[in-house]
Amino acid sequence: MPIQVNEEQLEFHLYNDNVSYIFRVLEKSHQLEHLYYGKRIHHRKSFAHLIEREIRPSTNMFEGDHTSSMEHIKQEYPSYGSTDFRYPAHTILRQDGSHITDFTYDSFRVINGKKPLTDLPATYVENEDEADTLEIELVDDILQCRLILSYTIYQNRNVITRHAKFINEGLESYYLDQAMSMNIDLPDDQFDMLHLQGAWAREGHVETKRLSKGIQSIYSNRGGSSHVFNPFFALKRWNTDENQGEVYGFSLVYSGNFLAQIEVDTYNVSRVNMGINPYRFKWKLASGGSFQTPECVMVYSDQGLNGMSQTFHKLYRERLVRGYWRDKVRPILINNWEATYFDFNEEKVLNIAKTAQELGIELFVLDDGWFGKRDDDTSSLGDWFEYEEKLPNGIDGLSEKVEALDMRFGLWFEPEMVCKDTKLFEKHPDWIISTPERRASHGRNQFVLDFTRTEVVDYIFDLMDKIISKSNISYIKWDMNRHITEAFSQNLPADQQGEVFHRYILGVYDLYERLIKKYPEILFESCAGGGARFDPGMLYYAPQTWTSDDTDAVERLKIQYGTSMVYPLSAIGSHVSAIPNHQVGRLASLDTRAAVAYFGTFGYELDITQLTEEEKQKVKEQVAFFKEKRSLIRDGEFYRLSSPFEYNETTWMVVNEEKSEAIVGYYKVLAKPNEAYNRIKLTGLDPEKLYEINGENSYYGSELMNVGIVLAGNFIDRADEYWGQEHPGDYQSRLFILKALS
């Protein structure tokens, strides 16, 4: 069993073959002290030797006890105001204005398996023996509030998940001002913080900074997880790189406002907490009510960043994504957006679909502009009725014609938004999120529907259901192109306006769940102006995410590299788009555009009817290649080899479980004259196996991992050939296909 309890000392040890997590109940205060998190250690009958408690100048909880200051005790779920002056994991405000809490240990239970969270996405198990869960119950007798801290450890994964639940067992209502999903006090600060930052069209950029005294944090207060920061960060030791060293990864399974914070105190303790952003959060906990925090996934690796990432990839691919598409390869799609934008009709999109089918593409997706009177981005969102002038046979007629081509049909929605020129807004102007007597700001000429209201979610579900039920729809792209401003719901009383952001995202989850239950075989792809809501919460409902509106191959090196820190390739929406690229104007070759897009879900976003016959043949070959390799790309172990944030060259690779096949992607942004020789050292191979590369020369795994692939040619006695060769220019790419011969 991966959870051992020393009941006499009330010590709790969660462990598997690779990781240990240990905490205990304090003798006097009966609060929880953290003792250790890291590489697996042996279980003992007592871990008292891990307690650190010297006398320091401080304020102490108990008279005569000079070691009872919570400021100098590493904790599991701390409060503020009773001798701990660091930021807490929770805050509760009583009606008398008091904010002091005192949650003390009451009981524990160990559960085989893992329970689902109510109305929230979370990782799961299929068999009880995959994981065990420890629930610690604490009680504040004055508040008559019960706090349940849940810890799940997976048997064969370096994963511990955490969440908290508050239950009001008294008669008085009070307010949760802060309810983080987890807290851990690490014993030192010898870490670099790695996280993903960006903006629209440049999401997922890796940023690393050394921890320093005080607060360092990433967050969103926009109503979604945002382009700016992803709800993920890692703490890595200073000497840790991609393939060696210790790293702790933290990922929040949530799609709304979040806060991830590290506080380093003057004694070098690093307090880590993560959860719903307490800014503009205030949840009324009425008598008999409860509040469940989102789940935080914690990953420990002593095999560097790649080891951490591979653990996240496998967990999210196998035990977060669910349903019909979880274990299936995804269809290669073509999306008409960059081909036509709003300017299309049935004939034009059918011509794209027919050409795509001839080249082996499997799914045609009709993007924005098919509903209401939508000819630009100023109108019609919320009126999900077919635009008859563009589509005289409706979505059902178009989908039938696409399916008659032996292709699947997909459709774009932006269900959370409304424009003012619509029937929906005319009938229900109070259904938008806006503050009375204040100006309602717009974004992309649209307003956010109040998904805290069940009747709004019901209405949008009915409209979408009418379209889906009468049509042959295999895929839905769910977009969200602006964040929440003037956050206020006319449906909530004054003392519950602090619940708007969280209730909104619960409404989004509810709509997803309803659609998935009725249409379990539809493939959903989430999108939020690209990657503004690329988070684990979304993956629970939509197994892939449009990673960025920026489809330029060179920019995508950084975006996809960073995104791979936590998300599997099977979740990374990646397309070959038109040139000059619509975001940056770059002219990258069709080969390079495909070589980057292969390492994701793969598809096309251009007017394929305008390609030359030579280009069409190349697309046909690319499609055939991806069909042959997509199981390897989807399920293999992904390794980052060289970073676009550090070098002119980016390299990554994916290896199957048997280590019998691999694909290496090599990309060089700018051509340079008279360069030094370069070799690509691979990883993850079997050193004893002999690998053939691109059907030609063969090398042992030991050679490829220790010597590397030699990129320079051998031109001994071939000088004329060298001087006569064509220079490849900027934006180069090469793929190395490895197959084991023995």
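Residues numbered from 1 in each chain as written. Predicted model: local features only at pLDDT ≥ 70, side-chain atom pairs only at ≥ 80, totals over all residues. Heavy atoms only, no water.

Given 3.6 residues to a turn, an α-helix orients residues that are three or four positions apart in the same direction. Between its first and last C-alpha atoms helix α11 (residues 613-635) spans 33 Å; for 23 residues at 1.5 Å apiece the expected length is 33 Å, and the two agree. Along α11, the sharpest kink reaches roughly 55°, centred on Lys629. Where α11 is concerned, the buried positions are Lys616, Val619, Gln622, Val623, Phe625, Phe626, Lys629, Arg630, Leu632, Ile633 and Arg634. (Helix = DSSP H or I, 4+ residues; strand = E, 2+ residues; numbered from the N terminus. Expected span 1.5 Å × (residues − 1). Bend = angle between axes of the 7 residues up to and from the residue. Buried < 20%, exposed > 50% of the residue type's maximum accessible area, 1.4 Å probe, protein only.)

Within helix α4 (residues 394-404) the residues assigned to the buried category are Gly394, Ile395, Gly397, Leu398, Ser399 and Val402. The inward-facing, buried residues of α4 abut α3 (346-358), β22 (363-366), β23 (408-413) and α6 (454-469). In the segment just after α4, Asp406 is the residue with positive phi, at about 65°. (Contact = heavy atoms within 4.5 Å.)

In the UniProt entry, the feature "domain: Glycosyl hydrolase family 36 N-terminal" (unreviewed entry) is given for residues 31-286. From the first C-alpha to the last, residues 31-286 spans 25 Å; its make-up is 0% helix and 46% strand. (UniProt positions renumbered as here; feature names shortened; annotations may be inferred.)

Turning our eyes to something else, we now look at the pairing of strand β39 (residues 732-740). In terms of strand pairing, strand β34 (residues 661-668) meets β39 through eight bridges, oriented antiparallel. Of the residues in β39, the one forming a bridge with Tyr666 is Arg734. Pairing analysis gives three bridges linking strand β36 (residues 690-693) to β39, with the strands arranged antiparallel. Its bridge partner being in β39, Glu692 is matched across the sheet by Lys739. (Pairing = 2+ DSSP bridges.)

As a further point, take the environment of Ser660. Note on placement: Ser660 falls in the loop between β33 (649-655) and β34. If sequence neighbours within four positions are ignored, Ser660 has contacts with Tyr691, Leu738, Lys739 and Ala740.

What follows deals with the sheet that holds strand β30 (residues 575-577). Strand order in this open sheet of nine strands is β29-β28-β27-β26-β23-β22-β21-β31-β30, and the pairing throughout is parallel. Looking at which strands have only one partner, the edges of the open sheet turn out to be β29 (572-573) and β30.

With that settled, the discussion passes to the pattern of salt bridges. The tally for this structure, following the rule as stated, stands at 63 salt bridges. Residues Glu33 and Arg53 are paired through a salt bridge, measuring 2.9 Å at the closest nitrogen-oxygen approach. On the criterion of sequence distance, the pair formed by Glu33 in strand β4 (residues 32-39) and Arg53 in the loop between β4 and β5 (90-93) is long-range, its members being 20 residues apart. Taking relative accessible area as the criterion, Glu33 reaches 3% and is therefore assigned buried. For the salt bridge of Asp375 with Lys390, the shortest nitrogen-to-oxygen distance reads 3.6 Å. Highlighted residues: Asp375 in the loop between β22 and α4 and Lys390 in the loop between β22 and α4, separated in sequence by 15 residues. The exposure class of Asp375 is partly exposed, given its relative accessible area of 42%. One network of salt bridges, with partners in common, ties together Asp106, Arg109, Lys115, Glu135, Glu137, Arg146 and Glu169. (Salt bridge = Lys/Arg side-chain N within 4 Å of Asp/Glu carboxyl O.)

With that settled, consider the nonpolar core. Counting residues in hydrophobic clusters, the biggest one holds 195 residues, and the most contacted among them are Phe250, Leu366 and Trp370. Two domains each donate at least three residues to this core, and these are domain 1 (3-320) and domain 2 (642-740). The residues touching Trp370, leaving out its near neighbours within four places in the chain, are Phe344, Trp384, Phe385, Glu386, Tyr387, Leu391, Ile395, Leu411, Trp412, Phe413 and Ile467. Core analysis: the second largest hydrophobic core is formed by 17 residues, Tyr639, Tyr666, Tyr691 and Ile709 among them. (Core = buried A, V, L, I, M, F, W, Y, C linked by side-chain atoms within 4.5 Å. Domains from an automatic or database assignment.)

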